[in-house]
Amino acid sequence: MNLAMGSQTFVGVEIPLLWGTRAVLQDHAGKLSVINLAGDVASLEVLADRPAPDISYAPTANDAFVIKKGEVELYEYNPESKVLTSASLKLPSVQVVGDRIQVGGSVFSNNMIVGAGVGIVVTETGISMGAPLPRSLAVLQV
Amino acid sequence: MKLLGESASPEYVRERGLPLQSVILNSDVMWGDYSKGLPKRLSEFLRTCAREGYSVILPATALMEISRAQNKTVADSRQAVAQAIETLRTHAISCPEVDLEKLVKDIDVLAMMKSAYSNVVIVQASLEQYHEALRRACFHLSPQLSNAKSDEMRDLVIWITAVDLAKAEGGALLVSQDVVHSGKLGDEEAAGVGLVRAKNLDDALGVLGLHSSSGGLLSDLLAPSWAEFKKQGLPVEEQPSLRTVRRAAFVQGHYGAPGVATAEISLSGCDGQEIRADVDYRAEGESSLATVTLSSITCGDGKLERLAVTIPAPRVITPSQEHQDLEALRTLIGGS
C-alpha cells in the first residue's frame, strides 16, 4: 500500500505501522484503525477512532476506550490525542498526528519508506524502520 | 461478622458500621505512559478518591513492580540515545556530549503521586505477612491456584496485606486484575474480612458509588427503559440514577453504539429502598431496538421476577457512515 501517515510517506509497504502484532492505519480524515494480525485471521479492533463491531471494550475518561479480551485490558486508545497506550501488551505508547509518529520518546517525522514489508515496527524490545514482514502474522485484510 | 461477598455497596457497608475507607491498588491497574506525568485515568481516579475522602493504599510490592517497569523504560530510552550517538560517530558525524541522565530523566512514580495527592499511602508488608505469603506460595494455598506454575509470591504478599488491612479497618477495596486477587479461590477469605474486589479503576469507582465512565455509558443506554420497567411493577421513579455499577462489560455493536452491555447495578427505589439487579442490554442486530433484561432483582427484603423491556437503541453514527468508514479502510489496505 501507499499512504501518508503522521508526516511519513510509505510507498509499496505491506503494513505502515506495526505495533506489536497490530497494524495501525490512519485514514484521510486522520482517524485511526487498528487490526490485530496475531493468529490466522486478522481481527479489526478499532475502526475510524471507535471500537469495531463485536469488540469488547470499556469507556474511559475523555472519550477514550480500552480494548479488552475477556476481562483483560489490552490497550487504551484516545481518539482526541490519537495515542495508543499499552495496558498488558508491554509496548511503548504510539501517537500518530499530523506532523509525526511518536513511539515512546522517539519521534519520526518526514521520512519516506519504500518497498519494505513494514514501515515502522514497534516491539517490546525496540523500534525499527523498513523491516521485513514478520512471517507469523495473518494477512492484513478486513 | 456477616459475610459481605463481593457485591457489597458502600451504603450497605456503612450502615453496618463498616467504613470502607481504603482503596488498595495493584500495579496491573496502574498501567500507562508515565514519561509526561501520571497517566490521565490514574490521575483522575486519585483525584476522585481524594475528593470523596478515600485513602489510596499502594503496597510496597506493587510500587516496586511499577517502578521496575518505569526504570526499564528509562534505561531503554537512554540506551537508544547512546546507540544513536555511537552510530553517528562511527560515520564521522560529530555529535555533542549528551548527559543521558539529564536528557532522559528518572521516573519516580511515588513522588508523582504524593506530590499531587496527599491521600496516597505506601504500606510495607510486615515480616509476619511475608511469612504467611511464603507459606501459601510453597504449599500452593488459596487464593493461589493449586496448579500454578510459579509461586506467585508477590501477588500473595499483596493479598495478605489487603486482607489484613480490611480486617483492621473493617473493610477495604482491592483493585487488581490478577487472577490470584480476583479469582473465586479468594471469595470466602475476602468476604470474611470485608475485602471488596474490583478488576479495574472504573469498576472501583462503580463499587464506591462514584461516577465512572462505564456507569455513565450504561446510564445513558438504560435511560429509556425505566418508565417501561415501572409499568411492569419495578418500584422506581421514571428517571432514577444508578448508585453503583459493577462488572460492567460492553461489546461494540453497529453504528458506533454498544451492542451488548452487562453489569451488576443498584439504584434507589421509590420508597428509598435499594434495588439491586443484574442488567443485560442487547441491541437487536442492525435494527433500532434493544432488549433490556433485569434479573436477580432484590428490592429491600423482597425479590422480583425477571423483567424485560424493549427500547430504542441509540445510534452514534449513521449506517452509511459506518459503511463508509469500513470501505475507506478496505480501500486504504487494498489500494494506493
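All figures in this text were calculated on a predicted structure; none of them were measured in a lab.

A few points about the overall build of chain B
The helix and strand tally for chain B stands at 13 helices and eleven strands. Each principal axis of the C-alpha distribution contributes one length, and for chain B these read about 80 × 65 × 40 Å. Considering only intrachain contacts with a sequence separation of at least 6, the fraction spanning at least 24 residues in chain B is 63%.

Digging into the environment of S43(B)
Residue and element names in this part refer to chain B. Within the secondary structure, S43 is located in helix 2 (residues 40-52). By the C-beta count within 10 Å, which is 17 here, S43 ends up partly exposed. Sequence spacing of S43 and Y117 is 74 residues, and the spatial spacing of their C-alpha atoms is 8.9 Å.

With respect to the domain arrangement of chain B
All names here are of chain B. Taken as a whole, chain B is organised into domain 1 (10-207) and domain 2 (213-320). Each of domain 1 and domain 2 has a C-alpha centre, and the two are 33 Å apart. Listed by partner, the interface residues are five residues for domain 1 and nine residues for domain 2. With four residues, the top contributor of residues to the side of domain 1 that touches domain 2 is helix 10 (residues 201-207). Residue composition of the side of domain 1 that touches domain 2, by class: one nonpolar, one polar and three charged.

As for the interface of chain B and chain A
With 33 residues of chain B in contact, the opposing surface of chain A contributes 33 residues. At seven residues, helix 13 (residues 319-334) of chain B tops the list of elements feeding residues into the side of chain B that touches chain A. Here the side of chain B that touches chain A is composed, by residue class, of twelve nonpolar, 13 polar and eight charged. In the sheet, strand 8 (residues 56-59) of chain A pairs with strand 6 (residues 242-252) of chain B via two bridges, with the strands oriented antiparallel.

Rules used throughout
Each chain has its residues counted from 1, running along the sequence as written. Here the convention is simple: chains get letters from A, ligands get numbers from 1, in the order in which they are written. Per-residue local features are limited, in this predicted model, to residues with pLDDT of at least 70; the limit for side-chain atom pairs, both in listing and counting, is 80 or more; totals at the level of whole chains, interfaces and linings are taken over all residues. In this description a helix means any DSSP run of H or I spanning at least four residues, a strand means any run of E spanning at least two, and both kinds are numbered starting from the N terminus. Our contact criterion uses C-beta atoms placed from the backbone: two residues qualify when those atoms are within 7 Å. For every residue, the other C-beta atoms within 10 Å of its own C-beta are counted; 20 or more classify it as buried, 12 or fewer as exposed, and values in between as partly exposed. C-beta atoms are placed from the backbone. Domains are outlined according to an automatic or database domain assignment. Only Asp, Glu, Lys and Arg are considered charged in this grouping, and only Ala, Val, Leu, Ile, Met, Phe, Trp, Tyr, Cys and Pro are considered nonpolar; every other residue, Gly among them, is considered polar. When DSSP locates at least two bridges between a pair of strands, those strands are taken to pair.

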